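# Per-entry structural report
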Amino acid sequence: MCSLENTLQKELSDLAEQGLTRTLRVLNTPCSPRIRMGRQKYLAFASNDYLGLATHPDLTRALAEGASAWGCGSGAAHLLNGHLRPHAMLEEALATFTGFARCLTFSSGYLANLAVTPTLITRRADEIFADRLNHASLIDAVRLSRARQHRYPHGDLATLARLLSASQAKTKMILTDAVFSMDGDIAPLADLFELAERFDAWLVVDDAHGFGVLGERGAGSLSHCGLPPHARIVLMATLGKAAGIGGAFVAASETVIEYLINRARSFIFTTAQPPALATAALASLRLIAESAERRAHLHDLIRQLRTSLCELPWPLLASETPIQSLLTGDNQTTLRLSESLKKRGIWVPAIRPPTVPPGMARLRISLSAAHTEKEVARLIEALQEIAGEIG
Ligand SMILES: Cc1ncc(COP(=O)(O)O)c(C=O)c1O
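Only a predicted model underlies this, so the values are computations on that prediction, with no experimental measurement involved.

What follows is about the overall build of the chain. In terms of helices and strands, the chain carries 15 helices and 13 strands. Since a compact globule built from 391 residues should have a radius of gyration of about 21 Å, the 21 Å found for the chain is in line with a globular shape. Taking the principal axes of the C-alpha coordinates as reference, the chain spans close to 60 × 55 × 55 Å. Sorting the 391 residues of the chain into buried and exposed places 53% on the buried side. Considering only residue pairs separated by 6 or more positions, the chain has 71% of its internal contacts joining residues 24 or more positions apart.

Take a look at the structure:
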C-alpha cells in the first residue's frame with residue numbers, strides 16, 4: 001500500500017471508530033417496500049419513492065417506448081445537439097403543471113441546485129441567507145457562488161428578518177429546502193416569500209421531497225403553502241423521488257430560465273439526460289396529477305405511524321410528510337437500533353453526521369404509498385418491542 005493510501009486507510013479507521021462508516025448495499029430487487037439484499041428479504045422504509053411509482057407499468061412502458069423512438073443517449077449537451085423533442089415537451093408540461101412561466105430540465109437535483117445559486121449570485125458582495133438544515137447540494141451551491149453566506153437557525157424567521165434588514169447587499173437570496181430532507185418538516189414558505197418581498201430578495205425553494213406529495217394534484221410545497229408562482233421565486237424539484245424516474249427541473253420566470261441557459265455551468269457543460277427519461281417523466285406527471293388516492297393513503301400511513309410511535313423513548317420529530325425521523329442521538333445507538341430492526345427483517349437506515357449535525361443521529365423512516373397498513377403496523381410493533389427490550 002502506498003503512503004497516500006495509508007492516509008486514507010487511517011481516516012477510514014477513524015470513521016469506523018466513530019460509527020460513521022458508510023456502506024454500499026446491493027439490492028437484488030427493484031425499488032419497492034419489499035426488497036432483497038443478498039438472499040435476505042426485508043420490509044424497507046428507506047426510499048424516496050413516495051407514491052410508489054418507480055416500478056409503475058405506465059412508466060416502464062413509457063421508458064421503453066421512449067428508448068425505442070429516441071434511442072438511449074441524447075449524445076450531447078443541451079446547447080449543442082442534445083435537446084431533443086421529449087426534453088422540450090417535458091419542460092412545457094412541467095411549466096403547465098407548476099404554473100411557472102418556464103422550466104429547464106437537469107440530469108439530477110444536485111446539478112439543478114448547482115445551476116441556480118452560483119448563477120444568480122455571483123459577486124462576493126452579494127449575500128445568501130440559508131436555513132441551517134438545507135440539503136448538501138444547496139450548501140455546495142452556496143460554496144460555488146463565492147457570496148457571503150448567513151446560515152439562520154432552522155425555520156427562525158425573526159433571525160432571518162434581522163439578518164436581511166442589516167444587509168447592505170445589492171442582490172440577496174433566501175435559500176431553503178421546502179420539505180427538509182432529514183427532519184421532514186415544511187418550511188414556512190409564505191412567510192419566507194413575505195420577507196423576500198420586503199427585502200427585495202430572490203426566494204429559491206428546493207422542493208425535492210414535496211413535489212408529487214404535497215399540494216393540489218401533487219404540485220408541491222408552494223401549492224401546499226398557498227403560494228402562487230412569482231417572478232422572484234425560483235423552484236427546483238427532482239424527478240427521482242415521488243415522480244419515480246430521475247432528473248430534475250428548475251421552474252421560474254422566462255428571464256431566469258433564459259439566463260440559466262446562457263450562464264449556468266452545470267446546465268451548459270454536461271450531456272443532456274437520456275430522452276427516454278423525459279418521456280417517462282411526462283407519463284409520471286400525468287400519474288402524479290391523478291394520484292389523489294395514493295396521496296390520501298400515504299397521509300393515512302403517516303397518521304398511523306405518528307399516533308403509535310409517540311410513546312417510544314426516542315422523540316419523533318414533528319413532520320406531516322412521509323419523512324418521519326426518530327431522534328436517537330448518538331451514532332452507536334442508532335446503528336444498534338437499525339441492526340435490531342434488520343434482524344427482524346425491517347430495513348430503516350441509520351442517518352449519522354455529516355448528513356445530520358453531531359448528536360442528532362436518527363432512524364429516518366420513509367413512508368410510501370406502496371406500503372400497506374399492515375406493513376406499517378409491523379414496523380411499529382418491532383420498534384415497540386425493541387424499546388421494551390432496551391427500557
Ligand atoms: C432536498 C434535496 N435536494 C436535492 C437533492 C438532490 O436531488 P437528486 O437526487 O436528483 O440529485 C436531494 C436528494 O437527493 C434532496 O434531498
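Next, the rest of the story.
Moving on, we get to the packing of helix α4 (residues 85-98) against helix α12 (residues 275-289). Where α4 contacts α12, the two axes come as close as 8 Å, and the packing angle between them is 25°. It follows from the interaxial angle that α4 and α12 lie roughly parallel. Remark: the crossing between α4 and α12 carries left-handed chirality. Contact residues: α4 offers Pro-86, His-87, Met-89, Leu-90, Ala-93, Leu-94 and Phe-97, while α12 offers Pro-275, Ala-278, Thr-279, Ala-281, Leu-282, Leu-285, Ile-288 and Ala-289. When its residues are assigned to classes, the contact of α4 with α12 shows 13 nonpolar, two polar and no charged.

This part takes up the environment of Pro-358. Within the secondary structure, Pro-358 is located in the loop between β12 (350-351) and β13 (361-366). The exposed category is assigned to Pro-358, whose relative accessible area is 71%. Between the C-alpha atoms of Pro-358 and Asp-330, which are 28 residues apart in sequence, the distance is 7.9 Å.

Turning our attention to the sheet that holds strand β8 (residues 233-238). Sheet architecture is open: seven strands sit in the order β3-β9-β8-β7-β6-β4-β5, paired in mixed fashion. The open sheet has two free edges, formed respectively by β3 (102-106) and β5 (148-152), since each of these has just one partner strand. On average, each strand axis in the sheet is inclined to that of its neighbour by 20°, with strand direction left out of account. Packing against the sheet, helix α8 (residues 189-198) makes contact with β5, β6 (172-177), β7 (201-206) and β8, and its axis sits at approximately 155° to β7. The sheet strands contacting helix α10 (residues 254-263) are β3, β7, β8 and β9 (248-252), and the helix crosses β3 at an angle near 30°.

Moving on to the site of the ligand. What surrounds the ligand is a group of 13 residues, the closest being Gly-109, Tyr-110, Asp-206, His-209 and Lys-241. Between the ligand and the protein, one listed contact pairs an oxygen atom with a backbone N or O atom of Tyr-110 at 3.0 Å. In this structure, His-209 approaches the ligand through a side-chain N or O atom, which is 2.6 Å from an oxygen atom. In terms of residues, the shell around the ligand owes the most to one element, helix α5 (residues 109-120), which gives three residues.

Time to look at empty space enclosed by the protein. Counting across every chain of the model gives one cavity of 30 Å³ or more. Its boundaries defined by the atoms lining it, the largest cavity holds a volume of some 50 Å³. Lining of the largest cavity is provided by His-78, Thr-105, Phe-106, Ser-107, Leu-111, Ser-266, Phe-267, Thr-270, Thr-271 and Ala-272. Counting residues per element, the ones that place at least two in the lining of the largest cavity are β3 and α11 (265-268). When its residues are assigned to classes, the lining of the largest cavity shows four nonpolar, six polar and no charged.

Let us look at the pattern of salt bridges. Evaluation of the coordinates by the stated rule reveals 15 salt bridges. We note a salt bridge from Glu-127 to Arg-148, for which the minimum N-O separation is 3.8 Å. Taken together, the positions of Glu-127 in strand β4 (residues 127-131) and Arg-148 in strand β5 put the pair 21 residues apart, joining distant regions of the chain. On the accessibility criterion, Glu-127 (10% relative accessible area) is buried. Among the charged side chains, a salt-bridge network with shared partners connects Arg-102, Glu-254 and Glu-258.

Below, the discussion takes up the packing of aromatic side chains. One pass over the structure, following the stated rule, counts three aromatic pairs. On the basis of an interplanar angle of 75° and a centroid distance of 5.7 Å, the ring pair of Phe-97 and Phe-211 is categorised as edge-to-face. Of the two residues, Phe-97 sits in helix α4 while Phe-211 sits in the loop between β7 and α9 (221-224), which places them 114 residues apart along the sequence. Comparing Phe-97 with Phe-211, the two get one shared label, buried.

This paragraph deals with the nonpolar core. Judged by nonpolar contacts, the single largest core of 79 residues is most densely connected at Ile-174 and Ile-365. Each of two domains, domain 1 (23-51 + 292-390) and domain 2 (57-289), supplies a minimum of three residues to this core. Excluding residues that lie within four positions of it along the chain, Ile-365 makes contacts with Phe-45, Leu-305, Leu-309, Pro-322, Ile-323, Gln-324, Leu-326, Val-348, Leu-379 and Leu-383. Counting residues in each nonpolar core, the second largest holds 27 residues, with Ala-112, Ala-115, Ile-261 and Ala-264 among its members.

Here the focus is the environment of Ser-47. Within the secondary structure, Ser-47 sits in the loop between β2 (40-44) and α2 (57-70). Residue classification places Ser-47 among the partly exposed positions, given a relative accessible area of 26%. Each C-alpha atom, one on Ser-47 and one on Lys-241, is 8.0 Å from the other, the two residues being 194 residues apart in sequence. Once residues lying within four places of it in the same chain are set aside, the contact partners of Ser-47 are Cys-31 and Ser-366. One polar contact links the side chain of Ser-47 to the main-chain amide nitrogen of Asp-49, over a distance of 3.0 Å.

The rules we used
- Residues numbered from 1 in each chain as written.
- Predicted model: local features only at pLDDT ≥ 70, side-chain atom pairs only at ≥ 80, totals over all residues.
- Heavy atoms only, no water.
- Helix = DSSP H or I, 4+ residues; strand = E, 2+ residues; numbered from the N terminus.
- Rg over C-alpha atoms; globule rule 2.2 N^0.38 Å.
- Buried < 20%, exposed > 50% of the residue type's maximum accessible area, 1.4 Å probe, protein only.
- Contact = heavy atoms within 4.5 Å.
- Axes fitted to C-alpha atoms, helices over the stretch in contact; angles between N-to-C directions.
- Parallel < 35°, antiparallel > 145°, perpendicular 65-115°, else oblique.
- Left-handed = near helix turned anticlockwise from the far one by under 90°.
- Nonpolar A, V, L, I, M, F, W, Y, C, P; charged D, E, K, R; others polar.
- Pairing = 2+ DSSP bridges.
- Near = heavy atom within 4 Å.
- Polar contact = N/O pair within 3.5 Å; in protein donor to acceptor, adjacent residues only side chain to side chain.
- 1 Å grid on protein atoms, 1.4 Å probe; cavity = no way out; pocket = protein on both sides within 12 Å on 5 of 7 lines; lining within 4 Å.
- Points joined across faces, edges and corners; volume = space filled by probe spheres on them.
- Salt bridge = Lys/Arg side-chain N within 4 Å of Asp/Glu carboxyl O.
- Phe/Tyr/Trp six-rings, centres within 6.5 Å; stacked < 30°, edge-to-face > 60°.
- Core = buried A, V, L, I, M, F, W, Y, C linked by side-chain atoms within 4.5 Å.
- Domains from an automatic or database assignment.

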